[in-house]
Amino acid sequence: MRELALISVLSDGRFHSGEVLGKMLGVSRAAVWKRLQGLALYGLEIESVRGKGYRISGGLSLLSEEAVLSFADLSADALDLDLRTETGSTNVDALYAARERLVRPYAVIAEYQSSGRGRRGRVWQSPFASSIYLSLAVEITGGAAKLEGLSLAVGVVVAELLAAHSISDVSVKWPNDILVRGKKIGGILIELTGDLDASCRAIIGVGINGALPAAVEIDQPATDLQQELGLRPDRNQWVGQLLSALIAMSEQFSEKGFSNFQRRWERFDSMLGRSVRVIQGEREVHGIARGVTERGALLVETEGLIAEYHGGEVSLRAI
Ligand code: ATP
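The structure presented is a predicted model; accordingly, all values stated were derived computationally and were not measured. (Residues numbered from 1 in each chain as written. Predicted model: local features only at pLDDT ≥ 70, side-chain atom pairs only at ≥ 80, totals over all residues. Heavy atoms only, no water.)

Considerations on the site of the ligand
- Surveying the vicinity of the ligand reveals 18 residues, the closest of which are R119, D177, K184, D219 and S315.
- Side-chain polar atom of R120 to an oxygen atom of the ligand: 3.3 Å apart, as the coordinates give it.
- Q220 is positioned with one of its side-chain polar atoms (N or O) 2.9 Å from an oxygen atom of the ligand.
- Against a free-state accessible area of 620 Å², the protein chains account for coverage of 94% of the ligand.
- Residue composition of the shell around the ligand, grouped by class: four nonpolar, six polar and eight charged. (Near = heavy atom within 4 Å. Polar contact = N/O pair within 3.5 Å; in protein donor to acceptor, adjacent residues only side chain to side chain. Areas by Shrake-Rupley, 256 points an atom, 1.4 Å probe, with all protein chains shown as cover. Nonpolar A, V, L, I, M, F, W, Y, C, P; charged D, E, K, R; others polar.)

Pasting the structure below:
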């Protein structure tokens, strides 16, 4: 990324004049100005004050592999970690790396995603150095069939981490959303590669909003760690803790599946006992949410009968 040197200088949150920036980068003031304009594409907000120069208000703390691992409770050979300044999608990177059998879990983290993804081709807003974009590839033996509840188990791990940081009113929405005070703070995207009947890899994609710039537009209520904690989160710490928790979860899940997580899911289930709509393409069913099965399927009661719904094309909404 060409602008990284410029971003690194501005990450201290102080003002730097165009002239000084130009000298540092070996380019003209006009070229500096052009590059600063370009930073808007990454979702970075550059403040410009006549006579003072340019700054990123509040500064930025950048990710570092060393710092992430210092917060992760993992043995030295437990993980391969790949930090990217800029990428299309960390899930795509992890899918690529997981074409072959993995010796150990492999994680990609990034400062910025140009094509962050949600379910079914939806976009995940991923501004530079403000949030957590993490994809962890893990080896799954015994076939993909048991993976139905994996997205929910990841949701439990993320919700528990938020609660452990004293964030209140944390909830999960089947199958892949993490909410705080009813607003979306994170999302999960699970993808698979390999032989789905035998040995395959699951890519566990997690996005958690850290400190969203005001200019980022999200078409549903959203929040971030900064708002909920009242301070800018240390992303290295969050990523480190998240990686340890996800690796421990994947080992447990690989042995016993979702059943161990069912009760833990209930603690955060935002829909339990509520009137809901289940949307499956053109089809819509209204009923009362009755939790999830021990495999992670959604249970909804309609006219006294409880039906199971399985991930993929199904969306759930409160009425
Ligand atoms: P479903 O219930 O079917 O999963 P969803 O709206 O939660 O529906 P996802 O694919 O899980 O869909 O997430 C993508 C959606 O999340 C986007 O369409 C957008 O509305 C919202 N979104 C995008 N970026 C962010 C973000 N950084 N933080 C919170 N929400 C976001």
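From this point, the discussion proceeds with the structure in view.
Regarding the sheet that holds strand β10 (residues 275–280)
- If you walk across this open sheet you meet the five strands as β13-β12-β11-β10-β14, and the pairing is antiparallel. Of all the strands in the sheet, the pair left with one neighbour each is β13 (305–309) and β14 (314–318). On average, adjacent strands in this sheet sit at an angle of 45° to one another, irrespective of strand direction.
- Two strands pair when backbone bridges link them, and β10 and β14 are joined in this way by five bridges, in the antiparallel orientation. Each bridged residue has a counterpart across the sheet, and for Q280 the counterpart in β14 is V314. (Pairing = 2+ DSSP bridges. Helix = DSSP H or I, 4+ residues; strand = E, 2+ residues; numbered from the N terminus. Axes fitted to C-alpha atoms, helices over the stretch in contact; angles between N-to-C directions.)

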